[in-house]
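# Report on the structure
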Number of protein chains: 2
Amino acid sequence: MKVSEQPSVSVKAPMCPSRGVLEHVTSRWGVLVLAALVERPYRFSELRREVGGVSEKMLAQTLQTLERDGFLLRDAKPVIPPRVDYSLTGLGREAAEQVWALARWTERRTADVQAARAAYDEARSS
Amino acid sequence: MKVSEQPSVSVKAPMCPSRGVLEHVTSRWGVLVLAALVERPYRFSELRREVGGVSEKMLAQTLQTLERDGFLLRDAKPVIPPRVDYSLTGLGREAAEQVWALARWTERRTADVQAARAAYDEARSS
DNA sequence: AGTGGGTACTTACGAAAGGTTAGCGCTCTC
DNA sequence: GAGAGCGCTAACCTTTCGTAAGTACCCACT
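All values reported here derive from a predicted model rather than from experimental measurement.

Cut-offs applied
- Residues numbered from 1 in each chain as written.
- Chains lettered and ligands numbered in written order.
- Predicted model: local features only at pLDDT ≥ 70, side-chain atom pairs only at ≥ 80, totals over all residues.
- Heavy atoms only, no water.
- Near = heavy atom within 4 Å.
- Polar contact = N/O pair within 3.5 Å; in protein donor to acceptor, adjacent residues only side chain to side chain.
- Helix = DSSP H or I, 4+ residues; strand = E, 2+ residues; numbered from the N terminus.
- Nonpolar A, V, L, I, M, F, W, Y, C, P; charged D, E, K, R; others polar.
- Pairing = 2+ DSSP bridges.

This part takes up the protein's contact with DNA strand D. Taken together, 19 residues lie around DNA strand D, and Lys57 and Met58 of chain A together with Ser45, Glu56 and Arg74 of chain B are the ones closest in. Of all DNA strand D atoms lying within 4 Å of any protein atom, the proportion belonging to sugar or phosphate reaches 69%. Between a phosphate oxygen of DNA strand D and a side-chain N or O atom of glutamine 64 of chain B, the distance comes to 3.0 Å. Contributing elements (two or more residues each) for the surface near DNA strand D: helix 2 (28–39) and helix 4 (56–68) of chain A together with helix 3 (44–50), helix 4 (56–68) and strand 3 (83–88) of chain B. By residue class, the composition of the surface near DNA strand D is seven nonpolar, four polar and eight charged.

Spelled out as structure tokens, the structure:
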């Protein structure tokens, strides 16, 4: 069999580095941070207000992970009070636009999912 | 302000049900299960072999969640040995194709991410 | 002068999620 | 008749996550 048929990097393999990358992109807060930054750059506290429910700890952790992976740029300005801007890189924008589309799809289809859940639960209780 | 401008269902709101739906779709194993089922229906054990590294417990849990959300159909045939087929619904296919695209994108870009990590780590150590 | 608020984080601890191992009832193969 | 395969389920333990507080600095208000 040809090697070119199967990609050497596959998300299906447990030890493949692509698995970890996908987990960062699809992480609980990673998705929402990326989706928010599609619109425009944000400051730390702005982002915290925009992404409802995220703690400062988890936001900082998520931003560090995504920055390290090359998805976003951190621009810390040496002013008082501190000001740090976060924006997408080219790589980050490619990922962000996909998760943003997924988030929008989810919003549109949430009612259908809720109906499916109600049907599922009723079929079990009766 | 008009209600129609902002969707009543937004992933940005902490208590919105769409948040939960998105978390199911983007969950660690949910992504991989959906991506696998894009190709064709799978049996339980087939899926377990296809999605490398998933435990039986987590696979069963993930499948139940996705079934309840209306993303996939569970077809348990009353034969010995037990045979259970899982396939995508229409709703599930819409979601699955998006996460599949994201998974493929990740595989293609993993090398870039690894390069970014190396650059990030070096900038810190030196 | 002192109090409260805003900035971007970090640290410590309890709670929740996730993972590992084992078992179950049944059948077909060796 | 011993072992493997099937699709789960229950107990247990570890890793992750969220919550609350602390840090250091400055401005506005009282």
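Moving on to the pairing of strand 3 (residues 83–88) of chain A. All names here are of chain A. Judged from the two bridges that link them, strand 1 (residues 42–43) and strand 3 form a sheet pairing that is antiparallel. Bridging across to strand 3, tyrosine 42 finds its partner in tyrosine 86. Alignment of strand 2 (residues 72–77) against strand 3, held across six bridges, turns out to be antiparallel. Counted as the bridge partner of leucine 73 is serine 87 from strand 3. Counted between consecutive antiparallel strands, the loop separating strand 2 from strand 3 contains five residues.

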